[in-house]
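# Fold and contact review
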Amino acid sequence: MTESLAITRVTHSCHLIEIGGLTVLTDPWFSQKTFYHPGEPIAFQPEKLPHLDAVVISHEHYDHCDLDAFKRYPDKDVPMIVAGPVVEKARKVGFTNVTPLEAWESTNVGDLTFNAAPGEHGVYEVTYVITGGGRSVYFAGDTLLTPELRTLTDRFGPLDVTLLPVNGLHLRMAGNKQVVMNAEEAAELTSVLRPKLAIPQHYAFTAGSVGDRLILKSDKDPALYVDAARRLAPDVPVTVIEPGERLVVPA
């Protein structure tokens with residue numbers, strides 16, 4: 001039986017995914033500091049989150065792994081599925097049920113399956129295909145577009161939703177090195193994966209006026225992805241979700 005599926009944007013790459021009757025939080029980010037600002041509201045704080053059945057964390061960067069803030073979430077036994085380097089950080093702040101995955105490994109929480117897929121971002125990263133209740137979501141953290149990602153539907157079947165980063169982040173002080181896929185690359189991946197719905201993430205982020213001028217360079221307008229997807233994957237619906245907005249995904 002196909003169950004309901006809903007996505008609620010918290011901020012940046014942090015979402016609540018309701019799938020298979022359970023609720024999953026992705027890449028927790030609930031605070032900000034110098035050079036790390038979401039550029040949009042943070043819809044919820046850890047104390048106000050609904051009951052979580054699982055948490056996935058793609059990598060250890062602060063804007064995806066804000067464990068000093070997330071430790072205020074009251075259930076320290078919540079299952080956490082994480083990239084390997086995150087394990088020690090999660091346990092250090094009190095979380096007890098932490099499972100590391102490498103690319104192409106999987107684990108189950110209740111009736112959900114968490115399939116790790118490759119990521120490439122300058123630090124160790126994994127991305128996730130989450131399946132359950134006859135539904136599936138690909139959560140891409142902030143990876144670059146790598147060849148392996150084109151094989152996801154071959155490995156895991158059709159996708160209901162893709163959550164893809166789109167800001168094409170470059171590091172000015174590292175020779176303008178690109179570390180996140182841009183709108184065109186995300187649209188290209190969308191055309192390969194052909195989800196029932198595509199949702200952009202990881203675009204409003206800013207390092208502040210000084211940081212954006214001297215350290216980072218990125219595209220902050222999700223409309224760039226919307227336009228690119230219309231050209232490259234015209235039959236795939238694209239929806240931009242505002243922080244706090246809950247979107248029910250039709251079967």
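See the structure above.
For the rest of this paragraph, the subject is the overall build of the chain. Check the secondary structure of the chain and you find six helices and 16 strands. Each principal axis of the C-alpha distribution contributes one length, and for the chain these read about 45 × 40 × 30 Å. Of all 251 residues assigned to the chain, the portion counted as buried reaches 56%. Expressed as a percentage of contacts within the chain between residues at least 6 apart in sequence, the contacts between residues at least 24 apart total 63%. As displayed, the chain has an accessible area near 10200 Å², and 51% of this comes from carbon and sulfur atoms. Here the chain holds 22 positive side-chain charges and 32 negative ones, and the gap between their average locations is 4 Å.

For His-170, the location among the structural elements is in strand 12 (residues 170-171). In this structure His-170 comes out as buried when scored by relative accessible area, which is 19%. A polar atom in the side chain of His-170 sits 2.6 Å from the backbone oxygen of Gly-168. Dropping the residues within four chain positions of it, His-170 is found in contact with Asn-176, Lys-177, Gln-178, Ile-215, Leu-216 and Lys-217.

Within the open sheet, the six strands sit side by side as 7-8-9-10-11-14. Their pairing is mixed. At either margin of the open sheet sits one strand with a lone partner, and together these are strand 7 (106-109) and strand 14 (197-201). Recorded for the sheet is a direction-independent mean angle of 20° between the axes of neighbouring strands. Sheet topology places strand 10 (residues 135-139) next to strand 11 (residues 161-165); three bridges connect them, and they run parallel. Its bridge partner lying in strand 11, Val-137 is registered against Val-161. Along the sheet face, helix 4 (residues 183-193) touches strand 10, strand 11 and strand 14 and points at about 160° away from the line of strand 11.

A word on the packing of helix 4 against helix 6 (residues 223-232). One way to put it is that helix 4 packs onto helix 6 with a least axis distance of 8 Å and a crossing angle of 40°. Viewed along their axes, helix 4 and helix 6 adopt a mutual orientation that is oblique. Helix 6 is crossed by helix 4, and the crossing has right-handed handedness. Across from Ala-183, Glu-184, Ala-186, Ala-187, Glu-188, Thr-190 and Ser-191 in helix 4, the residues of helix 6 making contact are Leu-224, Tyr-225, Ala-228, Ala-229, Arg-231 and Leu-232. Class assignment for the residues of the contact of helix 4 with helix 6 results in eight nonpolar, two polar and three charged.

Cut-offs and rules
Sequence positions are assigned chain by chain, starting from 1 and proceeding in written order. Whole-chain, interface and lining totals are the exception, using all residues; otherwise, since this is a predicted model, local features are given only for residues with pLDDT of at least 70 and side-chain atom pairs are given and counted only at 80 or more. Neither water nor hydrogens contribute to the side-chain values; these are computed over all heavy atoms in the structure. Note on conventions: DSSP H or I runs of at least 4 residues are helices, E runs of at least 2 residues are strands, and numbering of each starts at the N terminus. Only protein chains enter the area calculation, which uses a 1.4 Å probe; residues under 20% of their type maximum are buried, those over 50% are exposed, and those in between are partly exposed. Note on contacts: a residue pair qualifies if any of its non-hydrogen atoms lie within 4.5 Å across the two residues. In short, Shrake-Rupley with a 1.4 Å probe defines the accessible areas, and a residue's cover is counted only from the protein chains shown. Positive charge is attributed to Lys and Arg, negative charge to Asp and Glu, and no charge count is given to His or to the chain ends. By convention, charge coordinates are those of NZ in Lys, CZ in Arg, CG in Asp, or CD in Glu. The term polar contact refers here to a pair of N or O atoms within 3.5 Å; inside protein, the definition further demands a hydrogen-donor-capable atom paired with an acceptor-capable atom, and it admits residues adjacent in sequence only when both atoms are side-chain atoms. For two strands to count as paired, DSSP must find a minimum of two bridges between them. Axis definition: a line fitted to C-alpha atoms, limited for helices to the stretch in contact. Angles are taken between N-to-C directions and run from 0 to 180 degrees. Roughly parallel covers angles under 35 degrees, roughly antiparallel covers those over 145, roughly perpendicular covers 65 to 115, and oblique covers all other angles. Handedness of a helix crossing follows the sense of rotation of the near helix relative to the far helix, less than a right angle counterclockwise being left-handed and clockwise being right-handed. The classification used treats Ala, Val, Leu, Ile, Met, Phe, Trp, Tyr, Cys and Pro as nonpolar, Asp, Glu, Lys and Arg as charged, and all other residues, Gly among them, as polar.

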